[in-house]
Amino acid sequence: MTDSAIEGRLLELRGWSRVGDEITRSFGIRYHGGVAMIVHVADVERLIGHHADIDLRWDRIRFGITTHDAGYKLTDADFDLAARIDQIAVAHGAEPEA
Ligand SMILES: C[C@H](O)[C@H](O)[C@H]1CNC2=NC(N)=NC(=O)C2=N1
């Protein structure tokens, strides 16, 4: 993806930030709620064949997404997964930006 295509997708996906060739977002959620959210995210990941890096702490969860198959570059699949994660976060009552 070009830098301008990435910027365009980021504008649609409020809350996600680009850090190098990864997009990342954190949510506030308690630990066990985070575990449940991860199970839900993992089900969707299996369906779409794309997977986030996930960092669960006691009061928050952070997702990082890049495409290793593309040499750790951002692709449309990263933004598609990010949008799915946003929907799941709402369903789990995760708070935007911990
Ligand atoms: C074979 C399998 O589809 C690939 O390894 C997929 C799985 N999930 C993936 N997830 C992410 N984030 N990047 C990939 O390149 C990727 N590749």
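This report concerns the structure included in the present document. Quick caveat: nothing in here was measured; it's all calculated off a predicted structure.

With that settled, the discussion passes to the environment of Ala-52. Checked against the element boundaries, Ala-52 lands in the loop between α2 (31-48) and β3 (53-56). Relative accessible area serves as the criterion here: at 13%, Ala-52 is assigned to the buried category. For the pair Ala-52 and Gly-28, spaced 24 residues apart in sequence, the C-alpha separation works out to 17 Å. In this structure, Ala-52 is in contact with Glu-45, Phe-63, Gly-64, Ile-65, Leu-81 and Ile-85, ignoring residues within four places of it in sequence.

Axis separation between helix α1 (residues 3-12) and helix α3 (residues 76-91) bottoms out at 11 Å; the angle between their running directions is 5°. One element, α1, and the other, α3, form an angle in the roughly parallel class. Mapping the contact onto sequence places Ile-6, Arg-9 and Leu-10 in α1 and Asp-76, Phe-79 and Asp-80 in α3.

What counts, and at which threshold
Starting afresh in each chain, residues are numbered from 1 along the sequence in its written order. Residues qualify for local features only when their pLDDT is at least 70, as the model is predicted, and side-chain atom pairs are given and counted only at 80 or more; totals for whole chains, interfaces and linings, by contrast, use all residues. Remark: hydrogens and water are excluded; side-chain values derive from all non-hydrogen atoms of the structure. Starting at the N terminus, helices and strands are each numbered in turn, a helix being any DSSP run of H or I of at least four residues and a strand any DSSP run of E of at least two. Buried residues are those whose accessible area, probed at 1.4 Å on protein chains only, stays under 20% of the maximum for their type, while exposed residues exceed 50% and partly exposed ones sit between those limits. Whether two residues touch is decided by their heavy atoms; if any such pair falls within 4.5 Å, the residues are in contact. For helices, the axis comes from a line fit to the C-alpha atoms of the stretch in contact; other axes are also lines fit to C-alpha atoms, and the angle between any two N-to-C directions lies between 0 and 180 degrees. Comment on the angle field: the value is read as roughly parallel under 35 degrees, roughly antiparallel over 145, roughly perpendicular from 65 to 115, and oblique elsewhere.

No statement about biological role is implied by the geometric values presented.
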